[in-house]
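# Structural characterization, general
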Amino acid sequence: MRLRHIRGAEESIAASPYVVQNPEEEKGRWAERFGNANPIEIEVGMGKGRFIMELAQKHPDRNYIGIERYSSVLLRGLEKREQLELPNIWFMCIDAKDMADYFEKGEVSRIYLNFSDPWPKDRHAKRRLTSPDFMKVYDQILAEDGVVEFKTDNRPLFEYSLEAIPAAGWKIVRHTFDLHHSEMAEGNVMTEYEAKFSAEGKPICKLVASR
């Protein structure tokens, strides 16, 4: 899907008090940025931010970072952020493949991947956020007991992930092909896409992976 660019998005993000402008300077120092030593959880590809901002509201004892590489998409999330009092969340406009440049080993406790681009062509498999290449990146920043949570409506991508993640040396702790009708639905927070797809009757797949 082609994203519509919003004029001035980059300038607005550069001026936003909610965006970390030089994330490489925060590596190993995120506790200072948040002002506490609470666990840090990241959403990669946060879209308009509904999911991660709801998590931040529900769990003030945890810290959250929303990552979105597309400035026009992140801008929509920032517009929502301006309406909320959330001291436990920051945003970054970066490419997820570079996350090891911004976080020390063990600095992150959980990574959320929600409705990621499926990159359906085989030649683009390395771009999938559950590919072995990306799992290596997560391995570099997650705590020893850290986990990756992945949700999608795309069955082929989910089946690929069930094979690719163990191939990268990880374990699938739990998974379901129909999240909203499973025990994994307890405490579930929906994304914008999830609300849309579930309203259309599409089953949502979810897995949790650890090392």
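Below, the structure is looked at part by part.

## Structural notes on the pattern of salt bridges
What the rule picks out here adds up to 16 salt bridges. Measuring nitrogen to oxygen at the nearest pair gives 3.6 Å for the salt bridge that ties R69 to D95. Taken together, the residues R69 in the loop between β2 (63-67) and α4 (71-81) and D95 in the loop between β3 (89-92) and β4 (108-114) connect sequence positions 26 residues apart. Here R69 falls in the partly exposed class, since its relative accessible area comes to 48%. In this structure D95 comes out as buried when scored by relative accessible area, which is 19%. Two residues, E149 and R110, come together in a salt bridge whose shortest N-O distance is 2.5 Å. Here R110 lies in strand β4 and E149 lies in strand β5 (residues 142-152), a separation of 39 residues in the sequence.

## Examining the pairing of β5
Within β5, nine of the eleven residues are buried, which leaves it mostly tucked inside the rest of the structure. Pairing between β4 and β5: six bridges, direction parallel. Pairing of R110 across the sheet is with V147, part of β5. On the question of chirality, the crossover connecting β4 to the parallel β5 by way of helix α5 (residues 132-141) is right-handed.

Criteria and thresholds
Residues numbered from 1 in each chain as written. Predicted model: local features only at pLDDT ≥ 70, side-chain atom pairs only at ≥ 80, totals over all residues. Heavy atoms only, no water. Salt bridge = Lys/Arg side-chain N within 4 Å of Asp/Glu carboxyl O. Helix = DSSP H or I, 4+ residues; strand = E, 2+ residues; numbered from the N terminus. Buried < 20%, exposed > 50% of the residue type's maximum accessible area, 1.4 Å probe, protein only. Pairing = 2+ DSSP bridges. Right-handed = clockwise from strand over helix to strand, strands pointing away.

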